[in-house]
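# Understanding the architecture of this molecule
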Amino acid sequence: MSLSSAQTPHSELVGSLYRDHRGWLLAWLRRNVACPQRAEDLSQDTFVRLLGRTDLKAPREPRAFLAAVAKGLLFDYFRRAALEQAYLNELMLIPEAEQPSPEEQQLILEDLKAIDRLLGKLSSKSRSAFLYSRLDGLSHAEIAERLGVSVPRVRQYLAQGIRQCYIALYGEPA
C-alpha cells in the first residue's frame, strides 16, 4: 500500500493546513517565543495535535484556528517552564548536602510535569479546589468561600481531581 492511498480526509485537511499556513504560524510563534527552536517545536506540535483530533472540521478562519491551538501549547510550555523554575528556586533553598542527586532531581521534575499535565485536564476551579485541599489543607467550606461556590460543588471538584489521579495511576476505569 502506498503512502498516498493511506490518506484520509482528516490527514488531507491537516496536510493542507500545514502546506498553506505553516510558514505563517512559525513566523507568529517566533514573534512570541524567544527561542527559534522552541517556536519550531511548537509549530510541529500544533499540527501533531491536529492529527490527534478525531472531530476536526475545516476551519472558516484557518490562521485564527491555528493560532488558538498554538496559544494553548504556548501556555502549557510557559506554565511548565514556570513550574520548573519554581522547583529550581526551592531546590536552592535546601542545603547542598541535603539536595537530591541530579538524577533524583530530574525524576522529581518529570513527576512535577506529569502532575501538571494531569491537573491541566481539570477546569480551573477543579484544579484550584484540588490544590487548596491537597497542598494548603483547606476545608471544603474554606475552599467554597475562596472559589465562590457551594460546598457540594467543591466536593464535585475534588472528586474530579481524585478521578484524574486514579486515571494517572491505574488507567481509565472500565
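Residues numbered from 1 in each chain as written. Predicted model: local features only at pLDDT ≥ 70, side-chain atom pairs only at ≥ 80, totals over all residues. Heavy atoms only, no water.

What follows concerns helix 7 (residues 151–170). The end-to-end C-alpha distance of helix 7, which contains 20 residues, comes to 28 Å, matching closely the 28 Å that a straight helix rising 1.5 Å per residue would cover. If you check which residues of helix 7 are buried, you get V154, Y157, L158, G161, Q164 and I167. For helix 7, the elements touching its buried residues are helix 4 (102–119), helix 5 (124–134) and helix 6 (140–147). (Helix = DSSP H or I, 4+ residues; strand = E, 2+ residues; numbered from the N terminus. Expected span 1.5 Å × (residues − 1). Buried < 20%, exposed > 50% of the residue type's maximum accessible area, 1.4 Å probe, protein only. Contact = heavy atoms within 4.5 Å.)

Here we take up helix 2 (residues 36–52). Over its 17 residues, helix 2 runs 25 Å from end to end, which matches the ideal 24 Å to within 8%, given 1.5 Å per residue. For helix 2, every residue scored as buried is listed here: A39, L42, S43, T46, F47 and L50. The buried side chains of helix 2 occupy one side of the element, clustering within an arc of 130 degrees when seen end-on. Opposite its buried face, helix 2 presents the exposed residues Q37, V48 and G52, each directed more than 90 degrees away. Considering only its buried residues, helix 2 is in contact with helix 1 (9–32) and helix 3 (62–92). (Arc of directions from axis to C-beta.)

Here, the residues flagged by UniProt with the feature "domain: RNA polymerase sigma factor 70 region 4 type" (unreviewed entry) are residues 113–165. For residues 113–165, helix accounts for 77% and strand for 0%, while the C-alpha atoms at its two ends are 14 Å apart. (UniProt positions renumbered as here; feature names shortened; annotations may be inferred.)

Pairing is possible between side chains that carry opposite charge, provided their charged atoms lie close to one another. Considering all chains together, one arrives at 5 salt bridges under this definition. The salt bridge partner of R22 is E40, with a shortest N-O separation of 2.1 Å. With R22 in helix 1 and E40 in helix 2, the pair connects residues that are 18 residues apart, well separated along the chain. By relative accessible area, which is 18% here, R22 ends up buried. Its salt-bridge partner being E40, residue R30 comes within 4.0 Å of it at the nearest N-O pair. Linking R30 in helix 1 with E40 in helix 2, this pair joins segments that are 10 residues apart in sequence. Looking at E40, the relative accessible area reads 25%, which means it is partly exposed. (Salt bridge = Lys/Arg side-chain N within 4 Å of Asp/Glu carboxyl O.)

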